[in-house]
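Spelled out, the chains give:
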There are 2 protein chains.
Amino acid sequence: MRMTVGTAVQAFTSTAPPAVILAAGEGHRLNGVNRGSPKPLTPVLGLTLLERAILSCKEVGVLEFYVVIGYHADKMIPYLRALEQRLSVLIQPVENLNWREGNGSSALSAAPYVSRPFLLLMCDHLFDPAILRLLLSAGKNTTDCLLAVDCHPDHVFDLDDATKVQLDGDVVTRIGKGPPPFDAVDTGLFLCQPTLFQALEVAKDKGQHSLSAGLAELIRSREFRAVTIGGRFWFDVDTPKSLSRAKSALLQSLSKPDDDGFISRYLNRPVSRQISEILVRTPISPNGISLMSFTVGIIGAVMFCLGGYIWTILAGLVIQLSSIIDGCDGEIARLRFQSTKFGGWFDTILDRYADTAIVAGVSFGYWLAHPHAAVWLGTIFALTGFIMASYVKKEYVIRYQSKPPGGLIGRLIKRDLRIFAIMLGAIANRPYEAMLLVGFLSHVGIVWILLKGHRQMR
Amino acid sequence: MRMTVGTAVQAFTSTAPPAVILAAGEGHRLNGVNRGSPKPLTPVLGLTLLERAILSCKEVGVLEFYVVIGYHADKMIPYLRALEQRLSVLIQPVENLNWREGNGSSALSAAPYVSRPFLLLMCDHLFDPAILRLLLSAGKNTTDCLLAVDCHPDHVFDLDDATKVQLDGDVVTRIGKGPPPFDAVDTGLFLCQPTLFQALEVAKDKGQHSLSAGLAELIRSREFRAVTIGGRFWFDVDTPKSLSRAKSALLQSLSKPDDDGFISRYLNRPVSRQISEILVRTPISPNGISLMSFTVGIIGAVMFCLGGYIWTILAGLVIQLSSIIDGCDGEIARLRFQSTKFGGWFDTILDRYADTAIVAGVSFGYWLAHPHAAVWLGTIFALTGFIMASYVKKEYVIRYQSKPPGGLIGRLIKRDLRIFAIMLGAIANRPYEAMLLVGFLSHVGIVWILLKGHRQMR
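Residue indices begin from 1 for each chain and proceed along its sequence in written order. Written order determines the labels here, with chains lettered from A and ligands numbered from 1. The model is predicted, so local features are restricted to residues of pLDDT at least 70 and side-chain atom pairs to those at 80 or more, both for listing and for counting; the totals for chains, interfaces and linings are taken over all residues.

> Requested: an account of the overall build of chain A, with residues and values cited.
A tally of regular secondary structure across chain A gives 18 helices and 13 strands. Counting every position in chain A, which comprises 458 residues, the buried fraction comes to 48%. Counting from the N terminus, the helices are DSSP H or I runs at least four residues long and the strands are E runs at least two residues long. Three classes are used. A residue is buried when 20 or more other C-beta atoms lie within 10 Å of its own, exposed when 12 or fewer do, and partly exposed in between, with C-beta atoms placed from the backbone.

Structure, rendered in structure tokens:
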């Protein structure tokens, strides 16, 4: 079944190219997991493979999709219709009756729909949308077909099964699943010109129906080039084992090691990823998780107020739990492509209020045993340090339009470390002293960032 | 004396055009003020007229200047040499021996130096550099000569003496000092093409040596257009009376009514302008003034700690003084063209620390008479409100890349009002209660801005 492109196409205007997604195969190696449903519908952390492919494209502005189906087209078409509504994009199903011939035959069946450059994706590849941005950016200066390649084969799961390429500079000189030597691994993400269809036709006339055979024709005319993806995430899902590895690799790809503090990176993230893996299957929203983390923080603050060693230890553990959950909102948002400006902002503001409550709770607990006004001056000192450590960085971003200085001190004045230090203090029955210490550290960090800014100005 | 353009010109690369500044006249009407020194050297709030003209151009990227001199060239040349060093720009003195003929003759003497579009300015005009940006922006789409005009003649001091224009759309159809009717007033700021020199030559051949006569030639070929300046500041300084009015108009132009809160606008600014007028003549830097305001704030905070009604009232007045001085750093920076990213940032951070100290002082004073822990919980509540009211706006700017919502609530959570409210509270011997009230108001404002951001996202 091939449908004509409806008038709805005109309704979608986007500067991004359309995307052709190959989703025709059976994926029999995943049959055990899928219980007979087609491979594109395999769920991965809350979304199907196909949904992830479409949403990843939508992240870079793509709104027009041609999804080539074959195996179980009867199940796929209603699913695509539902997806089109839900994701507010145009999805044109393209049925390839000869899908068993090879993926080149599937790509070729999109030819009548596409007469300008287009993204070409395999629906069973998970990837960081930033790779598409690299392709689109590289595509501005060339009319060759472009393939995103990974130059770190040691990172690739099941390298034997992967398609590899040989390169001459950035020109692809060979592509295929054969043995070494090779220079990089094919990630299955392309920015193609309509010339690809002519190349596929030539290969087809030779009786070859794989995408690689078509690409080999482009290689002959040196119209096929590689774009390296650096360390960006991608994963080819083929077997139950690779599916399970893909999930953990995807979770791992969500955290930004450069932005995370030490405690976040080595303690909070490994735990929050486990929690996110569970939460992503529930209907709770990222903002809901922010509120959840905030509420747990407030509970911890109240527990500090009760005084006594047992409550103090418990309070310390509870605020550390709150800090761990604080990582989940962003993870869930990125997992579900639900990141919003408001979400990040809301989370930050709630964090500052939770900090305030924790500082108040710790101080009140301490004051019960040490009823001096000086206790509260220490509180004010620490609280200002905590909020201003974040404030000074926001100001830096606004004034200098660049990231605030990182480095050791930059990481020492982050929330993950503050909360962790107070928890350690609580365990040692010295939460107030720990709070003063990280408060002091915060003020040092603030002065350090100011000095950095002053130097940058010169 | 005409000098050849030195090799130094090549060292300056800027996309902005060069500027020709007419500074040849005697300005005899200002002789009483200047005691014989040439008019371009007339000091206006810490800088000479010529220095202001050059620095205003430098604000929009101009680095290459041709200053036409005539009267007292012997005094002007060493001054220009010194200015060139001090301002790090290229200044080429262009002496016009026939300067008495008219300003057209002076403009024409720059002809050998300029073969591309250039800004043309009268050195005795004060103006907002934003007007130059308007001209440069309008100049991108035309090869006509452009004149910045003011369509609000009621704002113009000494309208009789001003040059007026008649317009047909934005095409200038008449220019001169004659009587009405006219559509707008000539601000003396031009973006010219080298064709101006040909027009001046034509006028010269007719025995006319004024700039207006040359422009009349451009009008004939409809190559002369007007760019309206909206409400932006400009001022023509000719007489001792206009000089004095120019100073107060310049001071007035420094504050941004949209950014200022109510108290700042109607109470602090009128006073801070008077202080700035004095401070600008001292060597104190804008950052030094920030530190001064901060120090006064800390003194007020300490006075609150002493308790007792007298100290409380004094403390209230001192923090209000600190809030007034807080306006001077920006005013002095703008007056001296010394605004820096760091300066604004440093000021903001110091303000938050001063707020902290004031909150601590007010609370300590109150606690002396009411020694309950609840006092300090109120302190934490107010302090978080004060800092977060600013924090939430910074976040808004970063997330939405636009100004945070203003309006009534936006203005109610600004520092000027907080300090003023605490001062009023101090006079009523209720500074703590006043602090709690504005703290509450701050939290309301924070929630309001969050809701605004949430709505904007949708």
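> Run through helix α7 (residues 195–205) of chain A, naming residues and quoting values.
All names here are of chain A. Turning to α7, its buried residues number three or more, namely Leu196, Ala199, Leu200 and Ala203. Down the axis of α7, the buried side of the element spans an arc of 100°, and every buried residue falls inside it. By the criterion used throughout, residues are in contact when their C-beta atoms, derived from the backbone, lie within 7 Å. Among the structural elements, α5 (103–108), β8 (145–150), β11 (184–192) and α8 (211–220) are those in contact with the buried residues of α7. Two residues or fewer after α7 comes Gly207, characterised by a positive phi angle close to 80°. An arc is given here, and it is the one of the directions from the helix axis to the C-beta atoms.

> Would you mind going over the relation of the copies chain B and chain A in detail, with residue names and values included?
The superposition of copies rests on a least-squares fit of C-alpha positions from residues with pLDDT of 70 or more in both. When chain B is brought onto chain A, the operation consists of a screw motion whose angular component is 180° and whose axial shift is 0.0 Å, with 0.0 Å RMSD remaining. One copy is carried onto the other by what is essentially a two-fold rotation axis.

> Describe the packing of helix α10 (residues 262–279) of chain A against helix α17 (residues 415–427) of chain A, naming the residues involved and giving the relevant values.
Residues and elements named next belong to chain A. Fitted lines through C-alpha atoms serve as axes, helices being fitted only where they are in contact, and the angles separating the N-to-C directions of these axes extend from 0 to 180 degrees. Between α10 and α17, whose axes approach to 7 Å, the crossing angle comes to 70°. Here α10 is positioned roughly perpendicular relative to α17, judged by the angle of their axes. Both α10 and α17 take part in a crossing whose hand is left-handed. Residues Phe262, Ile263, Ser264 and Asn268 of α10 touch α17, and the partners they reach there are Asp416, Leu417 and Phe420. The residue classification treats Ala, Val, Leu, Ile, Met, Phe, Trp, Tyr, Cys and Pro as nonpolar and Asp, Glu, Lys and Arg as charged. All others, Gly included, are polar. Its residues assigned to classes, the contact of α10 with α17 shows four nonpolar, two polar and one charged. Working definition: roughly parallel below 35 degrees, roughly antiparallel above 145 degrees, roughly perpendicular at 65 to 115 degrees, and oblique for all remaining angles. Put simply, a crossing is left-handed when the front helix is turned counterclockwise from the back one by less than a right angle, and right-handed when it is turned clockwise.

> Could you give an account of the confidence of the model for chain A, with specific residues and numbers?
All names here are of chain A. The pLDDT value tells you how sure the predictor is about a given residue, anywhere from 0 up to 100. Summing up the model confidence of chain A, the mean pLDDT is 90 and the portion of residues at 70 or higher is 96%. Every residue in residues 1–13 scores below 50 in pLDDT, and together they form 13 contacts with partners more than four places removed in sequence or on other chains. Across the predicted assembly, pTM comes out at 0.86 and ipTM at 0.84.

> Break down the domain arrangement of chain A for me, citing the residues and quoting the values.
Residue and element names in this part refer to chain A. Where each domain starts and ends comes from a domain assignment, either automatic or drawn from a database. Domain boundaries in chain A define domain 1 (8–239) and domain 2 (255–457). Look at where the C-alpha atoms of domain 1 and domain 2 centre, and you get two points 42 Å apart. Listed per partner, the contact involves five residues of domain 1 and six residues of domain 2.

> Can you break down the interface of chain B and chain A residue by residue, with the values?
Quite often, the size of an interface is put as the accessible area lost when its parts meet. Contact residues are listed per partner, giving 34 residues for chain B and 34 residues for chain A. Of all the secondary structure elements, the ones that give two or more residues to the side of chain B that touches chain A are α14 (341–369), α15 (373–400) and α18 (431–457) of chain B. For the side of chain B that touches chain A, the element with the highest residue contribution is α15(B), accounting for 17 residues. Here the residues of the side of chain B that touches chain A are counted per class, giving 21 nonpolar, eight polar and five charged.

> Which residues make up helix α8 (residues 211–220) of chain B, and what values do they have?
Residues and elements named next belong to chain B. Where burial is concerned, most of α8 is hidden: eight out of the 10 residues are buried. Those residues of α8 that sit buried are Leu211, Ala213, Gly214, Leu215, Ala216, Glu217, Leu218 and Ile219. At its buried positions, α8 is contacted by α5 (103–108), β8 (145–150), β10 (171–176), α7 (195–205) and β12 (224–228). Positive backbone phi, at 50°, marks Arg222, one or two positions downstream of α8.

> Talk me through the environment of B:Lys247; I want residue IDs and the actual numbers.
Residues and elements named next belong to chain B. Mapped onto the fold, Lys247 is located in helix α9 (residues 240–254). In this structure Lys247 comes out as partly exposed when scored by C-beta crowding, with 18 C-beta atoms within 10 Å. Spatially, the C-alpha atoms of Lys247 and Val44 are 6.6 Å apart, while their sequence positions differ by 203 residues. Those residues in contact with Lys247 that sit more than four places away from it in its chain are Val44 and Leu45.

> Can you lay out the pairing of β10(B) for me, pointing to particular residues and giving the numbers?
Residue and element names in this part refer to chain B. Relative to β10, strand β9 (residues 164–168) runs antiparallel, the two being bridged by five bridges. From the neighbouring strand, Leu167 faces β10, where its bridge partner is Val172. Where β9 hands over to β10, the hairpin turn is made up of two residues, of which Gly169 adopts a positive phi near 70°. DSSP bridges decide pairing: two strands pair if at least two such bridges lie between them.

> Let's hear about the pairing of β12(B): which residues, and what values?
Residues and elements named next belong to chain B. Taking burial as the measure, the five residues of β12 include four buried ones, the bulk of the element. When β8 meets β12, the two strands line up parallel, connected through five bridges. Each residue of the ladder has a partner; that of Cys145, found in β12, is Phe224.

> Report on unusual backbone geometry, specifying residues and quantitative values.
All names here are of chain A. Unusually for a residue other than glycine, His72 sits at a positive phi of about 55°. Mapped onto the elements of the fold, His72 is located in the loop between β4 (64–69) and α4 (73–87). In this structure, Ser88 takes a positive phi of about 55° despite not being glycine. One can find Ser88 in the loop between α4 and β5 (90–95).

> Go over the packing of α17(A) against helix α18 (residues 431–457) of chain A, please, and point to the residues and values.
Residues and elements named next belong to chain A. Where α17 meets α18, the axes come as close as 7 Å, and the angle between the chain directions of the two elements is 150°. Regarding the angle of α17 to α18, the classification is roughly antiparallel. Considering the relative orientation of α17 and α18, their crossing is right-handed. On the side of α17, the interface is formed by Leu417, Arg418, Ala421, Ile422, Leu424, Gly425 and Ala426, while α18 contributes Pro431, Glu433, Ala434, Met435, Leu437 and Val438. Residues of the contact of α17 with α18, tallied by class, amount to 10 nonpolar, one polar and two charged.

> Explain the environment of B:Cys57 to me, using residue names and the numbers behind them.
All names here are of chain B. With respect to the helices and strands, Cys57 occurs in helix α3 (residues 49–59). On the neighbour-count criterion, Cys57 (24 C-beta atoms within 10 Å) is buried. Residues Cys57 and Leu132 lie 75 residues apart in sequence; the distance between their C-alpha atoms is 7.4 Å. Apart from the residues within four sequence positions on either side, Cys57 is in contact with Ala19, Val62, Leu119 and Leu132.

> Outline the nonpolar core, supporting the account with residue identities and numerical values.
By definition, a nonpolar core groups buried Ala, Val, Leu, Ile, Met, Phe, Trp, Tyr and Cys residues that connect through C-beta atoms lying within 7 Å of each other. By size, the foremost hydrophobic cluster in this structure holds 271 residues, and its most contacted members are A:Ile21, A:Val68, B:Ile21 and B:Val68. Once you skip the residues sitting within four places of it in the chain, A:Val68 turns out to touch A:Val20, A:Ile21, A:Leu22, A:Ala23, A:Ala24, A:Val94, A:Asn96, A:Ser106, A:Ser109 and A:Ala110.

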